[in-house]
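Close look at the chain arrangement
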Amino acid sequence: MDRRQFLQSAIIGCSAAASPLVTPVTLASAPWDGRLVVIILRGAMDGLDALRPLGDPDYAQLRPTLVGEGADEHNLNGFFALHPALAPLIPLWRAGELSVAAATSTPYRDKRSHFDGQAMLEAGSPSDARIARDGWLNRLLQVVPDVETRTAFSVGRDRMHILAGDGPHATWSPRTQLRMSPQAERLLELVYHEDPLFREASLLAGDILEGIEAAPDMDEEDTSMMEGMMAQAPGRTRLTGEVARFVVEQLRRDTRIASFSINGWDTHSRQAGHLRGKLEELATSILLLKAGLGPVWEQTAVLVMTEFGRTARENGSRGTDHGTGGAMFMAGGAIRGGRAHGAWPGLSEADLYQRRDLMPTRDIRAYAGWIMRAKFGVSRSDIEQLILPGVELGSDPQLLL
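If you're wondering where the values come from, they're calculated on a predicted model, not measured in any experiment.

Some words on the overall build of the chain
Helix and strand content of the chain: 13 helices and eleven strands. Looking at the chain residue by residue over its 401 residues, the buried ones come to 54%. Partitioning the intrachain contacts of the chain with sequence separation of at least 6 by distance along the chain shows that 78% fall at a separation of at least 24. Carbon and sulfur atoms provide 50% of the accessible area of the chain, an area that totals close to 17200 Å².

As structure tokens, this is what we get:
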């Protein structure tokens, strides 16, 4: 490694270590037409706020400050309503490209640890999830034919365990930018002018990393739409938008499976403002996928999953604590949309899990299993025994068209 490479590595390393925003993307390619995107929301999204059961008589009493006025403006079906920050997704619901599932959870119970919950969600197995060697998407790759490896790179602290394993796959993460004002650049130049090593580092800092190029096979209208959405988004959403755009580039080619995560869903206090920002980030990501994929969107299913839900009652800090039952979203042109899945357990104290959490009524893995069954023709026995061991698929919810 020469000095320039060393300086580049040092700057990238410092910037990445200081940023919690670097999110790896995992990808896999195969010759099928169908596409599957799995978005992991790390930190436990509050499903009762994102997907609001306004038709439950106990809901408003449990959440006196979180619901707010005009909560029913984004009503879906007379019982559930979307959080206002997800309002941009309502056209997808009306077009039959968005469905929801309430009262979902993995088999994980009681300890409510992010680490353990995410490990089980990505491993797809309730036993020894923390030390599971591979993830459930990778096990999918091991039972379907003609899977190929894409060459890619991985930078950052997070590791997407969901696609780890023996099945061919690749990883990538967005490059981190280190931006300085002209005044800061001038200050560095003056301070390090007599030191050749640091003078060169300061000159490199402003131009090492650049944004992702649009895919050459994206038409002008698709590219313009995506760039316009990203330009209007706040900083963190713009970075997630770069992730979504990279996924779009690959799915428009020969990649068929992609998974990425959005971090920061732990809302113990002042939830109203924080969750709004995260849900806007999620909505932007989904809409970027739709805008960029063009006709490929019709073949795409997007699953949005989180490790567990949050408490039914808001706490004294106007937030919510780690819970059990949550919610998931399914989007895409391949989804049979405009439907709310899952049996509703109720929010009276007697109906709550341990008198504090939404009671799960269906394993979140079952929805993923039925998507794989319908989209890739995987056998029920492979899903229940190999890919998602221990899952009970139950009746077919008819998730895809």
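A word on the packing of helix H6 (residues 136–143) against helix H13 (residues 380–387)
Two elements in contact, H6 and H13, have axes whose closest approach is 10 Å; the angle formed by their N-to-C orientations is 135°. The angle between the axes of H6 and H13 places the two elements in the oblique class. In the packing of H6 onto H13, the handedness of the crossing is right-handed. Taken together, the residues of H13 that come into contact with H6 (itself represented by Trp-136, Arg-139, Leu-140 and Val-143) are Asp-382, Leu-386 and Ile-387. Its residues assigned to classes, the contact of H6 with H13 comprises five nonpolar, no polar and two charged.

Digging into the side chain of Glu-314
For Glu-314, the location among the structural elements is in the loop between strand E8 (300–306) and strand E9 (326–331). Buried charge without a partner: Glu-314 forms no salt bridge, and the closest opposite charge is Arg-318, 5.5 Å away. Only 2.5 Å separates the side chain of Glu-314 from the side chain of Thr-65, close enough to count as a polar contact. Of note is the side chain of Glu-314, whose polar atom sits 3.3 Å from the backbone nitrogen of Leu-66. Leave out the neighbours within four places in its chain, and Glu-314 touches Leu-62, Arg-63, Pro-64, Thr-65, Leu-66, Gly-319 and Thr-320.

Description of the environment of Pro-64
Residue placement: Pro-64 occurs in the loop between helix H3 (59–62) and strand E4 (80–82). We classify Pro-64 as exposed; its relative accessible area is 58%. For the pair Pro-64 and Glu-314, spaced 250 residues apart in the sequence, the C-alpha separation amounts to 7.9 Å.

Some remarks on the environment of Ala-50
Within the secondary structure, Ala-50 is located in helix H2 (residues 47–50). Note on Ala-50: relative accessible area 0%, which makes it buried. Each C-alpha atom, one on Ala-50 and one on His-83, is 4.9 Å from the other, the two residues being 33 residues apart in sequence. Those residues within four positions of Ala-50 in sequence are excluded, and the remaining contacts are Met-45, Ala-81, Leu-82, His-83, Leu-86, Leu-279 and Phe-329.

Here's the deal with the pairing of strand E7 (residues 255–262)
Counting buried positions along E7 gives eight out of eight residues, so the element sits mostly inside the fold. Sheet topology places strand E2 (residues 35–41) next to E7; six bridges connect them, and they run parallel. Considered in E7, the bridge of Val-37 is made with Ala-258.

Section: the packing of helix H12 (residues 364–376) against H13
Each pair of packed helices can be summarised by the angle the axes make with each other and by the distance between the axes. Contact pair H12 / H13: the axes reach a minimum separation of 10 Å and the direction vectors enclose 135°. As judged from the angle between their axes, H12 and H13 are oblique. As H12 runs across H13, the sense of the crossing is right-handed. Judged by residue contacts, Gly-369, Trp-370, Met-372 and Arg-373 of H12 engage Arg-380, Ile-383 and Ile-387 from H13.

Digging into the packing of aromatic side chains
Using the criterion set out here, one finds four aromatic pairs in the structure. With a centroid separation of 4.9 Å and 80° between ring planes, the pair formed by Phe-79 and Phe-80 is classed as edge-to-face. When its relative accessible area of 23% is taken as the criterion, Phe-79 is described as partly exposed. Since its relative accessible area comes to 7%, Phe-80 is described here as buried. Cluster of aromatic residues (ring-pair linked, three or more members): Phe-79, Phe-80 and Trp-344.

Looking at H6
For the α-helix, the turn length of 3.6 residues means that residues three or four positions removed from each other point alike. Within H6, six of the eight residues are buried, which leaves it mostly tucked inside the rest of the structure. Where H6 is concerned, the buried positions are Trp-136, Leu-137, Asn-138, Arg-139, Leu-140 and Leu-141.

Examining unusual backbone geometry
The backbone of Asp-110 shows a phi angle near 80°, a positive value even though the residue is not glycine. Residue position: Asp-110 is located in the loop between strand E5 (98–105) and helix H5 (114–123). By relative accessible area, Asp-110 is classed as partly exposed at 38%. For Arg-112, which is not glycine, the phi dihedral falls at a positive 55°. Turning to its location among the elements, Arg-112 is positioned in the loop between E5 and H5. You can call Arg-112 buried: its relative accessible area is 12%.

The rules we used
Residues numbered from 1 in each chain as written. Predicted model: local features only at pLDDT ≥ 70, side-chain atom pairs only at ≥ 80, totals over all residues. Heavy atoms only, no water. Helix = DSSP H or I, 4+ residues; strand = E, 2+ residues; numbered from the N terminus. Buried < 20%, exposed > 50% of the residue type's maximum accessible area, 1.4 Å probe, protein only. Contact = heavy atoms within 4.5 Å. Areas by Shrake-Rupley, 256 points an atom, 1.4 Å probe, with all protein chains shown as cover. Axes fitted to C-alpha atoms, helices over the stretch in contact; angles between N-to-C directions. Parallel < 35°, antiparallel > 145°, perpendicular 65-115°, else oblique. Left-handed = near helix turned anticlockwise from the far one by under 90°. Nonpolar A, V, L, I, M, F, W, Y, C, P; charged D, E, K, R; others polar. Lys, Arg positive; Asp, Glu negative; His and termini not counted. Salt bridge = Lys/Arg side-chain N within 4 Å of Asp/Glu carboxyl O. Polar contact = N/O pair within 3.5 Å; in protein donor to acceptor, adjacent residues only side chain to side chain. Pairing = 2+ DSSP bridges. Phe/Tyr/Trp six-rings, centres within 6.5 Å; stacked < 30°, edge-to-face > 60°.

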